[in-house]
Amino acid sequence: MTAKLLDGNALAKKLRADFKARAEALAAQSTRPGLAVILVGENPASQVYVRNKVNACAEAGFHSVKLDYPADVAPAEVLAKIAELNADPAIHGILVQLPLPRQFDEDEVLEAISPEKDVDGFHAENVGALMQGNPRFLPCTPYGVMKLLEEAGGSLKGKEAVVIGRSNIVGKPMAMLLLHAGCTVTVCHSQTADLGFHTRRADILVAAVGRPRFVTGDMVKPGAVVIDVGINRLPAEQGGKLCGDVDFDSVKEVAGAITPVPGGVGPMTITMLLANTLESAERAAAK
């Protein structure tokens, strides 16, 4: 058996074309979706992520503002800028690229963003709304995963879903979204005993553990949908290539559908950031 490939690039392209049309319709009403991205320091990976987000905004016809600060900036300066952006009607989404330097309290920064502009979905108010099943914004990576599962086809109701990883950014909200979709959800992590026992029961397996090629073919139920959230760079002696948390070559021979790395979840994360920003702008225009 060779798994169906869930192509995140193709799905992202389709969704972004729709977003561009909706942005043009808003612009005709004098509202242009606006995203502000704050980058502190010179982390190379963060710089790439921010550049990709700004470029995606431009392609979709959004307004974007990129704000760069040196690594030694005082937190009060960044918090003051967030307050300014909260009050700016041209900005519908605010994103602070993580991680932040040591002098910052990340929770304080995330809580400073208006919940109505928190397009990452990290503010405590938005986390609580997600828990209650009435979200304002869905966290971008889990949101993208749900879109990929829609693309895979079939109802999620009654399916066994296993999420490997319990982070606030992916694992926990992913479990909530699957639960709201009618799945029976198990969350596994570094303290889970006999991980394979759980993963081999999964109709849907989401790997978000941050360990290269961690999930192997013998850990997967035949026909399962496997979503690889991880992105890791192998050591130079192993080729230095990007890979996911899933051992693609062995798992694709067992799974029914699988996401590649790169080209799977990654492009969907930025796409759903655009979705959240657009939805925020549409809500503002409707007021």
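Look up: the structure comes first, before these words.
Heads up: these notes are all about the structure in this document.

Cut-offs applied
- Residues numbered from 1 in each chain as written.
- Predicted model: local features only at pLDDT ≥ 70, side-chain atom pairs only at ≥ 80, totals over all residues.
- Heavy atoms only, no water.
- Helix = DSSP H or I, 4+ residues; strand = E, 2+ residues; numbered from the N terminus.
- Expected span 1.5 Å × (residues − 1).
- Buried < 20%, exposed > 50% of the residue type's maximum accessible area, 1.4 Å probe, protein only.
- Arc of directions from axis to C-beta.
- Polar contact = N/O pair within 3.5 Å; in protein donor to acceptor, adjacent residues only side chain to side chain.
- Contact = heavy atoms within 4.5 Å.
- Axes fitted to C-alpha atoms, helices over the stretch in contact; angles between N-to-C directions.
- Parallel < 35°, antiparallel > 145°, perpendicular 65-115°, else oblique.
- Left-handed = near helix turned anticlockwise from the far one by under 90°.
- Nonpolar A, V, L, I, M, F, W, Y, C, P; charged D, E, K, R; others polar.
- 1 Å grid on protein atoms, 1.4 Å probe; cavity = no way out; pocket = protein on both sides within 12 Å on 5 of 7 lines; lining within 4 Å.
- Points joined across faces, edges and corners; volume = space filled by probe spheres on them.
- Pairing = 2+ DSSP bridges.

1. Things to note about helix α2 (residues 44–60)
- Taking 1.5 Å per residue, 17 residues should reach 24 Å; α2 reaches 25 Å between its end C-alpha atoms and fits that length.
- All of the buried residues in α2 are Ser-46, Val-50, Lys-53, Val-54, Ala-56, Cys-57 and Ala-60. One side of α2 carries all its buried residues, which in axial view fall inside an arc of 155 degrees. In α2, those exposed residues whose orientation departs by more than 90 degrees from the buried face are Pro-44, Ala-58 and Glu-59.

2. Comments concerning the side chain of Asn-276
- Relative to the helices and strands, Asn-276 is located in helix α10 (residues 265–286).
- Residue class for Asn-276 comes out buried when judged on its relative accessible area of 0%.
- A polar atom in the side chain of Asn-276 sits 2.9 Å from the backbone oxygen of Leu-138.
- Every residue in contact with Asn-276, bar those within four places of it in the chain, is listed here: Val-119, Phe-137, Leu-138, Cys-140 and Tyr-143.

3. Focus: helix α7 (residues 171–180)
- Among the 10 residues of α7, 7 are classified as buried, and the element is accordingly described as predominantly covered.
- Listing the buried residues of α7 in full gives Gly-171, Pro-173, Met-174, Ala-175, Met-176, Leu-177 and Leu-178.
- Packing partners of the buried residues in α7 comprise α5 (124–131), α6 (140–152), β5 (160–164), β6 (184–188) and β7 (204–207).
- Of the residues trailing α7, Gly-182 is marked for its positive phi of about 100 degrees.

4. A few points about the packing of helix α1 (residues 8–27) against α10
- Where α1 contacts α10, the two axes come as close as 10 Å, and the packing angle between them is 20 degrees. On the basis of their axis angle, the class for α1 and α10 is roughly parallel. Along this stretch, α1 crosses α10, giving a crossing that reads as left-handed. On α10, the residues touching Gly-8, Asn-9, Leu-11, Ala-12, Leu-15, Arg-16, Phe-19, Arg-22, Ala-23 and Leu-26 of α1 are Pro-267, Met-268, Ile-270, Thr-271, Met-272, Leu-274, Ala-275, Leu-278, Glu-279, Ala-281, Glu-282 and Ala-285.
- In terms of residue class, the contact of α1 with α10 is made up of 15 nonpolar, 3 polar and 4 charged.

5. Brief notes about the layout of surface pockets
- If you add up the space inside the largest pocket, you get close to 1200 Å³.
- Every residue lining the largest pocket is counted, 42 residues in all, and those nearest its centre are Tyr-49, Thr-141, Ile-231, Gly-266 and Thr-269.
- Listing elements by their share of the lining of the largest pocket, those giving two or more residues are α2, β4 (93–96), α6, β9 (232–233) and α10.
- Residues that form the lining of the largest pocket fall into these classes: 23 nonpolar, 14 polar and 5 charged.
- Roughly 370 Å³ of volume is contained in the second largest pocket.
- Together, 16 residues line the second largest pocket, and Gly-121, Phe-122, Val-127, Asn-168 and Ile-169 are the ones closest to its centre.
- Going through the elements one at a time, α4 (106–112), α5 and α7 are the ones with two or more residues in the lining of the second largest pocket.
- Sort the elements by how many residues they give to the lining of the second largest pocket and α4 lands first, with 4 residues.
- Of the residues that constitute the lining of the second largest pocket, the class distribution is 10 nonpolar, 2 polar and 4 charged.

6. Observations concerning the pairing of β4
- Burial along β4 is two-sided: Gly-93 and Leu-95 facing one way and Ile-94 and Val-96 facing the other are all buried.
- Where strand β2 (residues 34–40) lies against β4, 4 bridges are found, and the strand directions are parallel. In the strand pairing of β4, Leu-35 is matched with Gly-93.

7. Concerning the sheet that holds β5
- Spatially, β1-β11-β8-β7-β5-β6 is the arrangement adopted by the 6 strands of the open sheet, whose pairing is parallel. Both outer strands of the open sheet, β1 (4–5) and β6, are each paired with one neighbouring strand and no more.
- Bridging between β5 and β6 involves 5 bridges; their strand directions are parallel. Counterpart to Glu-160 in the pairing with β6 is Thr-184.
- The strands touched by α6 are β1, β7 and β8 (225–228); relative to β8, the strand with the most contacts, the crossing angle is about 150 degrees.

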